[in-house]
Amino acid sequence: MRAAEQAVCVADVSLPDEPVVWVNEAFTRTTGFSAADTVGRNCRFLQDGLSDLGYDTRAPAARIRSIIQSRSAGTVLIPNRRRDGSVFANELALSPLAGEDGVVRHYVAVQRDVTARVQAQDARDAVRAEAAELSDHLQRQLVPHRLPDVPGWQLAVRYHPATREDGSRGEVSGDFYDLRVLPTGRAVAVIGDVSGRGPQAAAATAALRWAVRGVLGVVPGPAEALRQVAGAVHDTLDDRFATVAAVQLPVSDGTGGPAAGLSLCLAGHPRPVLVPADGPSRFVGTPGMLLGPFLDPDLHEVPLDLRPGDHLVLYTDGVTEAASPTRELFGDERLLAALDALPRTGSGADAGPGVDAVADTVLAAVADHVGDGPTDDLTLVVLARSPR
C-alpha cells in the first residue's frame, strides 16, 4: 500500500475517535498533509470548515459512520480540504480489516480525487436543467393559457406530455389544442399532433397552431381552413407531418334544439368517439390526408349530430398507442370499452356523465393499461352541449 498511486490511510476503529494510524505517500501528495500531520487524528479534519462554505459534509459523514458501525465495505463521495485550502471531491472506498481473531479493528480507506468527474456531472446537470426549463417554456406556448367560454357548450381538456422510463418528463411534446370563438356566431375546437420531439418539433407545432388559429378567423369551415393551413406550413414542417382534428361548434342560442352547423374535419387525425347518452360509443368522421407532405390535401368536412347528453371525445394517438409493460397497445377497442362503461341515464339535457368525468375515465383506463411504464404525449378534448 505504501507504493500505491492512490491515497491510502488506515484508521483504528477500536480506539476512541477512530484515529488514523498510517498513511502512504500518495495520501500526502493528494491532500498535502504528511503522516505527522495526520496520524492520531480522525479523518474528519479534512472537512473542517467546508460546511460553512456550503458543502454538504453531514450526509456523507453519516454514511461513513454507518459503514464503519456495521463493519461493512462501501464507497462514499465526500468533499475534502487540502492543506493549501483547495477543495477536491474525494471518492472514498472503505474496507474493513479483520485481525486473526476475526475482529475488525482497522479500516482501510482508499481515496481518489474525482473532482473533474463531479464537475463534468454538474455541468451536464446544469445543461439538462436549462434544457428542461426551455422545454417547459416551449410546452406552455403550444397551448392556450386558458380557454374561452363558448355559449351552449361544455369542454374538458387533459394535456399530458410524454414521460420517460424513470417517470420524468420527456422532451417537449408535439401535441397541441386550441379553441377559438369567432364573431361569425361559431367556435372551432382544434386538437393536433406534430411528429417528432424536442425544440424543433415544438417550433413546428407552434407554427402550425398559430397558422390554424389565424386561418380559422378568415376562412369559413374547418375543411377549407385546414387546406389553407396545409399550404402555409408545408415548408415549415419540413420532413415532419401533422395530424389535426377541427370541430366547428355553432354558438348556442339557448333553445336546446339540434346543434345545426356542427361539423368535423380530420387531417390524418384519429377519428373522435361519439358517446351517445343512450347507445354504444362509436367512431365518427371521415379520415383525411396528413398536413405537411401535401400542399392540397384531400379533406372531408362531415356534419355531426350532438344531442343533449352526448359527448364527443377527441384525442391524440398517445391514447390508443399507449403501451403496456408487455408492449400491447391500448387500442381502439379498449377506448370504446372504457367509454361504454360510463353510466348512462338516457337522453336529455341532464343525461350522462359530465365532460370532466369522461376525460378522467379515459385517462384512468390508459394509466391502468400502462402501469408504471413511460407514456407518449397524450391530449384529450371532450365536448358536450350544455344543459338548457
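Numbering of residues begins from 1 in every chain and follows the order in which that chain's sequence is written. Residues qualify for local features only when their pLDDT is at least 70, as the model is predicted, and side-chain atom pairs are given and counted only at 80 or more; totals for whole chains, interfaces and linings, by contrast, use all residues. Water and hydrogen atoms were dropped before computing side-chain values, which therefore reflect all heavy atoms in the structure.

A. Structural view of the overall build of the protein chain. Strands here are runs of E lasting at least two residues and helices are runs of H or I lasting at least four, both read from the DSSP assignment and numbered beginning at the N terminus. Across its full length, the protein chain carries nine helices and 15 strands. Looking at the protein chain as a whole, 45% of its 388 residues are labelled buried. Pairs of residues are marked as contacts when any of their non-hydrogen atoms sit within 4.5 Å. Here the contacts in the protein chain between residues at least 6 apart in sequence split such that 63% fall between residues at least 24 apart. Buried means the residue's accessible area, taken with a 1.4 Å probe over protein chains only, is under 20% of the maximum for its type, while exposed means over 50%, and partly exposed covers the values in between.

B. Spatial organisation of the sheet that holds strand β1 (residues 7-12). For two strands to pair, DSSP has to find at least two bridges joining them. Read across the sheet, five strands follow the order β2-β1-β5-β4-β3 without closing on themselves; strand pairing throughout is antiparallel. Only two strands of the sheet have a single partner each, and these edge strands are β2 (20-23) and β3 (74-81). In this sheet, adjacent strand axes meet at a mean angle of 30° when their direction is disregarded. By the bridge criterion, six bridges tie β1 to strand β5 (residues 104-113) in an arrangement that is antiparallel. Across the sheet, residue A11 finds its bridge partner in β5, namely Y107. Only C-alpha atoms enter the line fits that serve as axes; for helices the fit covers just the stretch in contact. Angles between N-to-C directions range over 0 to 180 degrees.

C. Summary view of the side chain of H311. For H311, the position within the fold is in strand β14 (residues 311-315). Side-chain polar atoms of H311 contact the backbone oxygen of G309, separated by 3.5 Å. With near-sequence residues (within four places) excluded, H311 lies in contact with V273, L274, V275, L306, P353, G354, V355, V358, V382, L383 and A384. By the criterion applied in these results, polar contacts are pairs of N or O atoms within 3.5 Å in which, for protein atoms, one can donate a hydrogen and the other can accept it, and in which residues neighboring in sequence qualify only through two side-chain atoms.

D. Structural context of unusual backbone geometry. The backbone of D17 sits at a positive phi, close to 65°, despite the residue not being glycine. For D17, the location among the structural elements is in the loop between β1 and β2. Despite not being glycine, R327 has its phi angle at roughly 70°, a positive value. Considering the arrangement of structural elements, one finds R327 in the loop between α7 (317-320) and α8 (331-340).

E. Looking closely at helix α9 (residues 355-370). A helix is expected to span 1.5 Å for every residue after the first. For α9, which comprises 16 residues, the first-to-last C-alpha distance of 23 Å matches the rise-based estimate of 22 Å (1.5 Å per residue) to within 8%. Among the residues of α9, those classed as buried are V355, V358, A359, V362, L363, V366, H369 and V370. Taken around the axis of α9, the buried residues stretch over an arc of 130°, which confines them to a single face. Turning to α9, the residues buried within the fold contact β6 (153-160), β14, α7, α8 and β15 (378-385). Of the residues trailing α9, G371 is marked for its positive phi of about 70°. Picture the helix axis, draw a direction to every C-beta atom, and the arc is the one those directions span.

F. Quick peek at the nonpolar core. By nonpolar core is meant a set of buried Ala, Val, Leu, Ile, Met, Phe, Trp, Tyr and Cys residues that side-chain atoms within 4.5 Å join together. Ranked by size, the top nonpolar core spans 26 residues in total, and within it V190, L208, V212, L226, V229, V244 and L291 carry the most contacts. Taken together, the elements giving at least two residues each to this core come down to β7 (175-182), β8 (186-194), α5 (198-216), α6 (222-237), β9 (242-250) and β10 (263-267). For this core, the element with the most residues is α6, which contributes seven residues. Beyond its immediate sequence surroundings of up to four residues, V244 is in contact with F176, V190, I191, G192, L208, L226, C265, L266, A267, H269 and L291. If you look at the next biggest cluster of nonpolar residues, it comprises 25 residues, including V143, A245, L249 and L314.

G. Seen up close, the sheet that holds strand β11 (residues 273-275). The sheet built from five strands is open, its strands ordered β6-β15-β14-β11-β12 with antiparallel pairing. Two strands in the sheet have a free side with no partner beyond their single neighbour: β6 and β12 (282-283). Relative to β14, β11 runs antiparallel, the two being bridged by three bridges. In the strand pairing of β14, V275 is matched with H311.

H. Region of interest: the pairing of β15. Where burial is concerned, most of β15 is hidden: eight out of the eight residues are buried. Of the two faces of β15, both are covered, the one formed by L378, L380, V382 and A384 as well as the one formed by T379, V381, L383 and R385. Relative to β15, β6 runs antiparallel, the two sharing eight bridges. Looking at β15, one finds that A156 is bridged to V382.

I. A look at the side chain of S195. Checked against the element boundaries, S195 lands in the loop between β8 and α5. On the basis of relative accessible area, S195 is assigned to the buried category, the value being 17%. Sequence-distant contacts of S195, that is, excluding residues within four places in its chain, are made with A201, R240 and F241.

J. Structural view of the packing of α5 against α6. Running from N to C, α5 and α6 cross one another at 150°; their axes reach a closest spacing of 9 Å. Relative to α6, the element α5 is oriented roughly antiparallel. With respect to the hand of their crossing, α5 and α6 are arranged in right-handed fashion. Here A204, A207, L208, A211, V212, V215 and L216 of α5 come into contact with α6, specifically with A225, L226, Q228, V229, V233, T236 and L237. For the contact of α5 with α6, a count of residues per class yields 12 nonpolar, two polar and no charged. Orientation is classified from the angle alone, with under 35 degrees giving roughly parallel, over 145 giving roughly antiparallel, 65 to 115 giving roughly perpendicular, and any other angle giving oblique. By convention the crossing between two helices is left-handed if the near helix lies anticlockwise of the far one by an angle smaller than a right angle, and right-handed if it lies clockwise. Here the term charged refers only to Asp, Glu, Lys and Arg, the term nonpolar to Ala, Val, Leu, Ile, Met, Phe, Trp, Tyr, Cys and Pro, and the term polar to all other amino acids, Gly among them.

None of the figures reported here should be taken as evidence of function without further support.
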